[in-house]
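Analysis of the macromolecular model
Listed below are the residues making up each chain.
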Amino acid sequence: MTVLNRRTLIKIGGAAAALPLLGGAAFAQEKLKVAFVLIGTPDDNGWNFGHDTGRKYMLDKIGADKVETTVVTNVAEGPDSERVFRELAQQGHKLIYATSFGFGDYVHKVAKQFPDVKFEWATGNATAANVSTYNAKFHEGRAVVGTIAGMMTKTNTIAYIGSFPIPEVRMGINAYAIAARKANPNVTVKVVYVDSWFDPAKEADAARALIDQGVDIITQHTDGPAALQVAEERGIVGGFGQGADMSAFAPKAHLTAIIDNWGPHYVKSVQSVLDGTWAEGSVWDGISSGEVEIGKYNEKIPADVVAAAEKVKNDISAGTLHPFAGPIKDNAGTERVAAGDIIDDGEFWAVDWYAEGVEA
(Lines give C-alpha, C1' and ligand atoms only; values in the text may rest on other atoms or scores of the structure.)
Protein backbone atom coordinates (compact mmCIF):
# COMPACT_ATOMS: atom_id res chain seq x y z
CA MET A 1 0.00 0.00 0.00
CA THR A 2 1.13 3.51 -0.72
CA VAL A 3 0.17 6.40 1.56
CA LEU A 4 0.54 9.82 -0.01
CA ASN A 5 0.40 12.96 2.10
CA ARG A 6 0.12 16.32 0.40
CA ARG A 7 3.24 17.41 2.29
CA THR A 8 5.18 14.22 2.81
CA LEU A 9 5.36 10.81 1.18
CA ILE A 10 5.31 7.86 3.53
CA LYS A 11 5.72 4.22 2.61
CA ILE A 12 3.82 1.90 4.94
CA GLY A 13 4.54 -1.80 4.83
CA GLY A 14 6.43 -3.56 2.05
CA ALA A 15 3.68 -4.56 -0.31
CA ALA A 16 4.28 -1.78 -2.82
CA ALA A 17 6.84 0.81 -3.74
CA ALA A 18 6.06 4.42 -2.96
CA LEU A 19 4.47 6.04 -6.00
CA PRO A 20 4.71 9.86 -6.06
CA LEU A 21 1.76 11.86 -7.26
CA LEU A 22 3.88 14.03 -9.52
CA GLY A 23 5.86 12.25 -12.21
CA GLY A 24 7.12 8.71 -11.80
CA ALA A 25 7.73 6.08 -14.46
CA ALA A 26 4.74 4.12 -15.67
CA PHE A 27 5.04 0.36 -15.50
CA ALA A 28 2.89 -2.64 -16.21
CA GLN A 29 0.66 -3.57 -13.33
CA GLU A 30 -1.38 -6.74 -13.16
CA LYS A 31 -3.03 -5.86 -9.89
CA LEU A 32 -6.09 -3.63 -9.84
CA LYS A 33 -4.92 -0.23 -8.66
CA VAL A 34 -7.39 1.37 -6.26
CA ALA A 35 -7.03 4.81 -4.67
CA PHE A 36 -8.61 6.37 -1.60
CA VAL A 37 -8.62 10.16 -1.30
CA LEU A 38 -9.06 11.31 2.29
CA ILE A 39 -9.77 14.79 3.61
CA GLY A 40 -7.76 14.02 6.74
CA THR A 41 -5.66 11.17 8.05
CA PRO A 42 -6.60 7.71 9.37
CA ASP A 43 -5.33 8.63 12.82
CA ASP A 44 -8.28 11.00 13.33
CA ASN A 45 -9.99 7.99 14.95
CA GLY A 46 -13.21 8.93 13.19
CA TRP A 47 -14.32 9.42 9.58
CA ASN A 48 -10.98 8.85 7.85
CA PHE A 49 -10.12 6.04 10.24
CA GLY A 50 -13.36 4.33 9.24
CA HIS A 51 -12.59 4.50 5.53
CA ASP A 52 -9.06 3.23 6.02
CA THR A 53 -10.34 0.40 8.21
CA GLY A 54 -12.73 -0.47 5.37
CA ARG A 55 -9.83 -0.44 2.90
CA LYS A 56 -7.87 -2.87 5.05
CA TYR A 57 -10.93 -5.11 5.40
CA MET A 58 -11.28 -5.14 1.60
CA LEU A 59 -7.63 -6.08 1.11
CA ASP A 60 -7.96 -8.88 3.65
CA LYS A 61 -11.04 -10.30 1.92
CA ILE A 62 -9.94 -9.93 -1.71
CA GLY A 63 -6.20 -10.26 -1.29
CA ALA A 64 -3.17 -8.05 -1.79
CA ASP A 65 -2.20 -10.31 -4.68
CA LYS A 66 -5.15 -8.93 -6.65
CA VAL A 67 -5.38 -5.34 -5.44
CA GLU A 68 -2.88 -2.57 -4.79
CA THR A 69 -4.11 0.46 -2.86
CA THR A 70 -2.93 4.05 -2.67
CA VAL A 71 -4.14 6.39 0.08
CA VAL A 72 -3.78 10.15 -0.38
CA THR A 73 -4.30 12.05 2.86
CA ASN A 74 -5.01 15.66 3.83
CA VAL A 75 -6.64 16.58 0.53
CA ALA A 76 -8.68 19.75 0.94
CA GLU A 77 -12.14 20.10 -0.59
CA GLY A 78 -11.13 22.51 -3.32
CA PRO A 79 -9.31 22.87 -6.64
CA ASP A 80 -6.23 20.96 -5.45
CA SER A 81 -8.35 17.82 -5.18
CA GLU A 82 -8.98 17.98 -8.93
CA ARG A 83 -5.24 17.65 -9.50
CA VAL A 84 -5.07 14.70 -7.13
CA PHE A 85 -7.87 12.82 -8.90
CA ARG A 86 -6.35 13.53 -12.32
CA GLU A 87 -2.89 12.35 -11.30
CA LEU A 88 -4.25 9.17 -9.76
CA ALA A 89 -6.13 8.40 -12.98
CA GLN A 90 -3.02 9.13 -15.04
CA GLN A 91 -1.03 6.73 -12.86
CA GLY A 92 -3.30 3.85 -13.81
CA HIS A 93 -5.71 3.64 -10.89
CA LYS A 94 -8.90 2.13 -12.25
CA LEU A 95 -11.08 2.73 -9.18
CA ILE A 96 -10.85 5.93 -7.15
CA TYR A 97 -12.81 6.63 -3.96
CA ALA A 98 -13.51 10.27 -3.12
CA THR A 99 -14.42 10.09 0.54
CA SER A 100 -15.83 13.56 1.23
CA PHE A 101 -18.85 15.50 -0.03
CA GLY A 102 -16.87 18.56 -1.14
CA PHE A 103 -14.86 16.53 -3.69
CA GLY A 104 -17.92 16.07 -5.90
CA ASP A 105 -17.49 18.81 -8.53
CA TYR A 106 -13.86 17.85 -9.07
CA VAL A 107 -14.62 14.14 -9.28
CA HIS A 108 -17.19 14.71 -12.00
CA LYS A 109 -14.86 16.99 -13.96
CA VAL A 110 -12.00 14.48 -13.93
CA ALA A 111 -14.32 11.52 -14.58
CA LYS A 112 -15.32 13.05 -17.93
CA GLN A 113 -11.66 13.10 -18.92
CA PHE A 114 -11.04 9.45 -17.94
CA PRO A 115 -14.10 7.41 -18.99
CA ASP A 116 -12.28 4.11 -18.40
CA VAL A 117 -11.70 4.93 -14.72
CA LYS A 118 -14.41 4.26 -12.13
CA PHE A 119 -15.02 6.85 -9.43
CA GLU A 120 -17.08 6.47 -6.26
CA TRP A 121 -18.10 9.57 -4.29
CA ALA A 122 -18.90 9.10 -0.61
CA THR A 123 -22.00 11.01 0.58
CA GLY A 124 -22.46 12.32 -2.95
CA ASN A 125 -25.72 13.23 -4.63
CA ALA A 126 -25.06 12.91 -8.37
CA THR A 127 -23.90 10.01 -10.53
CA ALA A 128 -22.53 9.74 -14.07
CA ALA A 129 -21.59 6.93 -16.44
CA ASN A 130 -18.38 6.23 -14.50
CA VAL A 131 -19.30 7.86 -11.17
CA SER A 132 -21.31 6.13 -8.45
CA THR A 133 -22.23 7.36 -5.01
CA TYR A 134 -22.20 5.54 -1.70
CA ASN A 135 -23.36 6.64 1.70
CA ALA A 136 -24.49 5.38 5.08
CA LYS A 137 -27.69 6.27 6.89
CA PHE A 138 -25.94 7.94 9.79
CA HIS A 139 -29.23 9.56 10.75
CA GLU A 140 -30.44 6.13 11.87
CA GLY A 141 -27.61 6.04 14.38
CA ARG A 142 -28.48 9.59 15.42
CA ALA A 143 -31.96 8.42 16.34
CA VAL A 144 -30.44 5.83 18.67
CA VAL A 145 -28.05 8.22 20.41
CA GLY A 146 -30.71 10.94 20.48
CA THR A 147 -32.88 8.59 22.49
CA ILE A 148 -30.06 8.14 25.00
CA ALA A 149 -29.45 11.88 25.18
CA GLY A 150 -33.11 12.68 25.75
CA MET A 151 -33.37 10.19 28.58
CA MET A 152 -30.07 11.01 30.30
CA THR A 153 -29.83 14.79 30.13
CA LYS A 154 -30.19 16.50 33.49
CA THR A 155 -30.41 20.05 32.15
CA ASN A 156 -32.71 19.33 29.18
CA THR A 157 -30.13 21.13 27.03
CA ILE A 158 -28.07 19.00 24.66
CA ALA A 159 -25.88 19.97 21.73
CA TYR A 160 -24.70 19.03 18.25
CA ILE A 161 -21.39 20.25 16.86
CA GLY A 162 -21.66 20.25 13.07
CA SER A 163 -19.02 20.62 10.39
CA PHE A 164 -20.92 22.36 7.58
CA PRO A 165 -24.67 22.99 7.09
CA ILE A 166 -25.00 20.46 4.26
CA PRO A 167 -27.94 18.03 3.91
CA GLU A 168 -26.08 15.09 5.46
CA VAL A 169 -25.31 17.07 8.63
CA ARG A 170 -28.74 18.65 8.82
CA MET A 171 -30.24 15.17 8.54
CA GLY A 172 -28.24 14.04 11.55
CA ILE A 173 -29.22 17.07 13.60
CA ASN A 174 -32.92 16.56 12.91
CA ALA A 175 -32.85 12.82 13.60
CA TYR A 176 -31.01 13.45 16.86
CA ALA A 177 -33.46 16.16 17.96
CA ILE A 178 -36.61 14.27 16.96
CA ALA A 179 -35.53 11.14 18.84
CA ALA A 180 -34.39 13.10 21.90
CA ARG A 181 -37.72 14.95 22.10
CA LYS A 182 -39.70 11.73 21.73
CA ALA A 183 -37.91 10.54 24.85
CA ASN A 184 -38.10 13.93 26.56
CA PRO A 185 -40.32 16.68 25.08
CA ASN A 186 -38.53 19.33 27.15
CA VAL A 187 -35.20 18.90 25.36
CA THR A 188 -33.55 21.72 23.43
CA VAL A 189 -30.74 21.00 20.96
CA LYS A 190 -28.14 23.74 20.50
CA VAL A 191 -26.28 23.54 17.18
CA VAL A 192 -22.87 25.07 16.46
CA TYR A 193 -20.99 24.77 13.15
CA VAL A 194 -17.18 24.86 13.11
CA ASP A 195 -16.76 25.06 9.30
CA SER A 196 -14.35 22.15 9.23
CA TRP A 197 -14.45 18.38 9.25
CA PHE A 198 -11.44 18.17 11.53
CA ASP A 199 -10.26 21.07 13.65
CA PRO A 200 -9.68 19.89 17.23
CA ALA A 201 -9.14 23.41 18.57
CA LYS A 202 -12.42 24.73 17.13
CA GLU A 203 -14.31 21.63 18.24
CA ALA A 204 -12.93 21.91 21.77
CA ASP A 205 -13.75 25.62 21.96
CA ALA A 206 -17.29 24.94 20.75
CA ALA A 207 -17.73 22.22 23.35
CA ARG A 208 -16.55 24.50 26.17
CA ALA A 209 -18.87 27.31 25.09
CA LEU A 210 -21.83 24.93 24.89
CA ILE A 211 -21.14 23.48 28.34
CA ASP A 212 -20.96 27.01 29.71
CA GLN A 213 -24.50 27.48 28.34
CA GLY A 214 -25.82 24.52 30.34
CA VAL A 215 -25.35 21.70 27.82
CA ASP A 216 -24.64 18.37 29.46
CA ILE A 217 -24.61 16.00 26.47
CA ILE A 218 -22.77 16.71 23.22
CA THR A 219 -22.67 14.84 19.94
CA GLN A 220 -20.66 15.90 16.94
CA HIS A 221 -20.57 15.54 13.18
CA THR A 222 -16.85 16.18 12.95
CA ASP A 223 -14.06 13.66 12.65
CA GLY A 224 -12.16 13.70 15.91
CA PRO A 225 -12.67 13.17 19.67
CA ALA A 226 -11.96 16.73 20.85
CA ALA A 227 -15.51 17.43 22.02
CA LEU A 228 -15.57 14.18 23.97
CA GLN A 229 -12.26 15.03 25.62
CA VAL A 230 -13.69 18.36 26.78
CA ALA A 231 -16.78 16.54 28.07
CA GLU A 232 -14.48 14.25 30.04
CA GLU A 233 -12.55 17.17 31.49
CA ARG A 234 -15.68 19.10 32.46
CA GLY A 235 -17.45 16.09 33.97
CA ILE A 236 -20.75 16.46 32.08
CA VAL A 237 -22.98 13.48 31.34
CA GLY A 238 -21.11 12.77 28.11
CA GLY A 239 -21.29 12.43 24.36
CA PHE A 240 -20.98 10.05 21.44
CA GLY A 241 -18.20 8.88 19.17
CA GLN A 242 -18.54 9.71 15.47
CA GLY A 243 -17.46 7.22 12.84
CA ALA A 244 -15.61 4.97 15.27
CA ASP A 245 -15.39 3.98 18.92
CA MET A 246 -13.65 6.87 20.67
CA SER A 247 -13.92 5.56 24.22
CA ALA A 248 -10.13 5.45 24.62
CA PHE A 249 -10.10 9.27 24.57
CA ALA A 250 -12.91 9.77 27.07
CA PRO A 251 -13.73 6.55 28.93
CA LYS A 252 -16.20 8.24 31.31
CA ALA A 253 -17.87 10.64 28.89
CA HIS A 254 -18.07 8.33 25.87
CA LEU A 255 -21.59 6.91 26.10
CA THR A 256 -21.50 4.94 22.84
CA ALA A 257 -20.56 5.55 19.21
CA ILE A 258 -22.00 5.54 15.73
CA ILE A 259 -19.54 3.31 13.88
CA ASP A 260 -19.13 3.43 10.09
CA ASN A 261 -18.56 -0.01 8.61
CA TRP A 262 -17.40 0.65 5.04
CA GLY A 263 -15.60 -2.66 4.56
CA PRO A 264 -18.43 -4.72 2.98
CA HIS A 265 -19.14 -1.97 0.44
CA TYR A 266 -15.49 -1.75 -0.55
CA VAL A 267 -15.35 -5.51 -1.00
CA LYS A 268 -18.41 -5.53 -3.29
CA SER A 269 -17.26 -2.48 -5.22
CA VAL A 270 -13.69 -3.62 -5.85
CA GLN A 271 -14.82 -7.15 -6.70
CA SER A 272 -17.27 -5.78 -9.27
CA VAL A 273 -14.43 -3.94 -11.02
CA LEU A 274 -12.35 -7.13 -10.98
CA ASP A 275 -15.30 -9.06 -12.40
CA GLY A 276 -16.17 -6.42 -14.99
CA THR A 277 -19.65 -5.95 -13.54
CA TRP A 278 -19.27 -2.46 -12.01
CA ALA A 279 -22.16 -0.19 -12.96
CA GLU A 280 -23.24 3.35 -12.18
CA GLY A 281 -25.50 3.49 -9.15
CA SER A 282 -26.10 4.73 -5.64
CA VAL A 283 -25.74 2.76 -2.42
CA TRP A 284 -27.30 3.99 0.80
CA ASP A 285 -27.26 1.37 3.54
CA GLY A 286 -27.79 1.67 7.26
CA ILE A 287 -28.38 -0.28 10.44
CA SER A 288 -30.20 -3.19 8.81
CA SER A 289 -27.26 -4.00 6.52
CA GLY A 290 -24.62 -3.46 9.20
CA GLU A 291 -23.09 -0.42 7.53
CA VAL A 292 -24.10 1.69 10.53
CA GLU A 293 -23.34 0.13 13.90
CA ILE A 294 -23.89 1.24 17.47
CA GLY A 295 -20.90 0.70 19.69
CA LYS A 296 -20.64 -0.69 23.19
CA TYR A 297 -22.74 1.13 25.76
CA ASN A 298 -20.97 2.79 28.67
CA GLU A 299 -21.65 0.97 31.93
CA LYS A 300 -23.03 4.15 33.49
CA ILE A 301 -26.02 4.19 31.11
CA PRO A 302 -29.07 2.91 33.05
CA ALA A 303 -30.56 -0.39 31.91
CA ASP A 304 -33.85 1.18 30.87
CA VAL A 305 -32.01 3.66 28.65
CA VAL A 306 -30.01 0.88 27.00
CA ALA A 307 -33.26 -1.02 26.44
CA ALA A 308 -34.89 2.03 24.83
CA ALA A 309 -31.88 2.62 22.59
CA GLU A 310 -31.78 -1.03 21.56
CA LYS A 311 -35.49 -0.94 20.74
CA VAL A 312 -35.00 2.07 18.46
CA LYS A 313 -32.05 0.36 16.77
CA ASN A 314 -33.89 -2.95 16.32
CA ASP A 315 -37.10 -1.32 15.13
CA ILE A 316 -35.19 0.71 12.54
CA SER A 317 -33.45 -2.47 11.41
CA ALA A 318 -36.79 -4.28 11.13
CA GLY A 319 -38.34 -1.41 9.18
CA THR A 320 -41.05 -0.75 11.76
CA LEU A 321 -39.59 2.62 12.81
CA HIS A 322 -38.46 5.44 10.55
CA PRO A 323 -36.50 8.33 12.12
CA PHE A 324 -38.46 10.84 10.04
CA ALA A 325 -42.01 9.52 10.39
CA GLY A 326 -44.62 12.24 10.90
CA PRO A 327 -45.95 14.25 12.47
CA ILE A 328 -42.90 16.51 12.46
CA LYS A 329 -42.84 20.26 13.00
CA ASP A 330 -39.92 22.52 12.27
CA ASN A 331 -38.43 24.89 14.84
CA ALA A 332 -40.77 27.66 13.69
CA GLY A 333 -43.83 25.54 14.45
CA THR A 334 -44.74 24.69 10.84
CA GLU A 335 -45.78 21.12 10.16
CA ARG A 336 -43.30 19.63 7.70
CA VAL A 337 -44.34 15.98 7.78
CA ALA A 338 -47.94 14.95 8.36
CA ALA A 339 -48.99 12.05 10.56
CA GLY A 340 -48.75 8.82 8.60
CA ASP A 341 -46.18 10.24 6.19
CA ILE A 342 -42.37 10.07 6.15
CA ILE A 343 -39.51 11.91 4.50
CA ASP A 344 -38.43 9.31 1.96
CA ASP A 345 -34.92 8.73 0.66
CA GLY A 346 -35.36 11.01 -2.33
CA GLU A 347 -36.60 13.93 -0.22
CA PHE A 348 -33.81 14.03 2.36
CA TRP A 349 -31.46 16.10 0.27
CA ALA A 350 -33.94 18.96 -0.10
CA VAL A 351 -34.52 19.43 3.63
CA ASP A 352 -33.38 22.94 4.51
CA TRP A 353 -35.13 23.33 7.86
CA TYR A 354 -34.50 22.25 11.45
CA ALA A 355 -36.81 20.15 13.57
CA GLU A 356 -38.71 21.42 16.56
CA GLY A 357 -36.47 22.06 19.55
CA VAL A 358 -33.37 22.87 17.49
CA GLU A 359 -31.58 26.17 18.07
CA ALA A 360 -29.26 26.68 15.10
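Residues numbered from 1 in each chain as written. Predicted model: local features only at pLDDT ≥ 70, side-chain atom pairs only at ≥ 80, totals over all residues. Heavy atoms only, no water.

Here strand 5 (residues 95-98) shows no split at all, with Leu95 and Tyr97 on one side and Ile96 and Ala98 on the other all buried. Here strand 3 (residues 32-37) pairs with strand 5 via four bridges, running parallel. Opposite Phe36, over in strand 5, you have Tyr97 as the bridge partner. Two strands pair when backbone bridges link them, and strand 5 and strand 6 (residues 118-122) are joined in this way by four bridges, in the parallel orientation. In the strand pairing of strand 6, Ala98 is matched with Trp121. (Buried < 20%, exposed > 50% of the residue type's maximum accessible area, 1.4 Å probe, protein only. Helix = DSSP H or I, 4+ residues; strand = E, 2+ residues; numbered from the N terminus. Pairing = 2+ DSSP bridges.)

For the rest of this paragraph, the subject is the packing of helix 4 (residues 138-152) against helix 9 (residues 303-318). Running from amino to carboxyl end, helix 4 crosses helix 9 at an angle of 160 degrees, the nearest separation of the two axes being 9 Å. Our classification of the angle between helix 4 and helix 9 gives roughly antiparallel. Between helix 4 and helix 9 the crossing geometry is right-handed. Within the contact between the two elements, helix 4 uses Glu140, Ala143, Val144, Thr147, Ile148, Met151 and Met152 and helix 9 uses Asp304, Val305, Ala308, Ala309, Val312, Lys313 and Ile316. (Axes fitted to C-alpha atoms, helices over the stretch in contact; angles between N-to-C directions. Parallel < 35°, antiparallel > 145°, perpendicular 65-115°, else oblique. Left-handed = near helix turned anticlockwise from the far one by under 90°. Contact = heavy atoms within 4.5 Å.)

This part takes up the pairing of strand 12 (residues 254-260). Summarising burial for strand 12: six of the seven residues are buried, a large majority. Taken together, the five bridges between strand 11 (residues 238-243) and strand 12 define a ladder with parallel strand orientation. Among the inter-strand pairings, Phe240 is bridged to a residue of strand 12, identified as Thr256. Judged from the three bridges that link them, strand 12 and strand 14 (residues 292-294) form a sheet pairing that is antiparallel. Bridge pairing in strand 14 links Ile258 to Ile294.

A few words on the sheet that holds strand 8 (residues 157-162). Taken in spatial order, the seven strands line up as 14-12-11-10-8-9-17 in an open sheet, and their pairing is mixed. Only two strands of the sheet have a single neighbouring strand rather than two, namely strand 14 and strand 17 (358-359). Pairing of strand 8 with strand 9 (residues 188-193), which is carried by six bridges, proceeds in the parallel orientation. Within the sheet, the bridge partner assigned to Thr157 lies in strand 9 and is Thr188.

Turning our eyes to something else, we now look at the pattern of salt bridges. Where charged atoms from two side chains of opposite charge come close, those side chains can pair. Applying the stated rule across the entire model yields 13 salt bridges. Its salt-bridge partner being Lys56, residue Asp52 comes within 3.7 Å of it at the nearest N-O pair. Linking Asp52 with Lys56, this pair stays in helix 1 (residues 47-62), spanning four residues, or about one helical turn. Using a relative accessible area of 9% as the deciding quantity, one classes Asp52 as buried. Between Asp315 and Lys311 there is a salt bridge; the shortest N-O distance is 2.9 Å. Placement of the pair is Asp315 and Lys311 together in helix 9, with a separation of four residues, close to one helical turn. (Salt bridge = Lys/Arg side-chain N within 4 Å of Asp/Glu carboxyl O.)

Bringing the environment of Val110 into the picture now. Position of Val110 among the secondary structure elements: in helix 3 (residues 104-113). Spatially, the C-alpha atom of Val110 lies 13 Å from that of His93, the residues being 17 residues apart in sequence. Among residues more than four places away in sequence, those in contact with Val110 are Glu82, Phe85, Arg86 and Phe119.

Applying the stated criterion across every chain yields a total of 16 aromatic pairs. When the ring of Trp284 is compared with that of Trp349, the centres are 5.4 Å apart and the planes differ by 40 degrees; the resulting orientation is tilted. Note that Trp284 is positioned in strand 13 (residues 282-285) and Trp349 in the loop between strand 16 (335-337) and strand 17, a separation of 65 residues in sequence. Looking at Trp349, the relative accessible area reads 28%, which means it is partly exposed. Feature note: the residues Phe36, Trp47, Tyr97, Tyr134, Phe138, Trp262 and Tyr266 constitute an aromatic cluster, connected by ring pairs. One Lys or Arg, Lys137, reaches over the ring of Trp284 and ends 5.2 Å from the middle of that ring. (Phe/Tyr/Trp six-rings, centres within 6.5 Å; stacked < 30°, edge-to-face > 60°. Lys NZ or Arg CZ within 6 Å of the ring centre and 35° of its normal.)

Let's shift gears to helix 3. Three or more residues of helix 3 are buried, namely Gly104, Val107, His108, Val110 and Ala111. In this structure, the buried residues of helix 3 make contact with helix 2 (79-90), strand 5, strand 6 and strand 7 (131-136).

Moving on, we come to the environment of Gln229. Here Gln229 is to be found in helix 7 (residues 226-234). For Gln229 and Ala253, which are 24 residues apart along the polypeptide, the C-alpha to C-alpha distance reads 7.8 Å. Non-local contacts of Gln229, meaning those with residues more than four positions away in its chain, are made with Phe249 and Ala250.

What follows deals with the confidence of the model for the protein. Scored by pLDDT, the protein has a mean of 92; 92% of the residues are at 70 or more. Per-residue pLDDT stays below 50 along residues 6-29; that stretch engages in 41 contacts with residues further than four places along the chain or on separate chains. (pLDDT = per-residue confidence, 0-100.)

Our focus in this paragraph is the side chain of Glu82. If you trace the backbone, Glu82 turns up in helix 2. A polar contact is formed between the side chain of Glu82 and the side chain of Arg86, at a distance of 2.7 Å. Residue contacts for Glu82: discarding those within four places in its chain leaves Tyr106, Lys109 and Val110. (Polar contact = N/O pair within 3.5 Å; in protein donor to acceptor, adjacent residues only side chain to side chain.)

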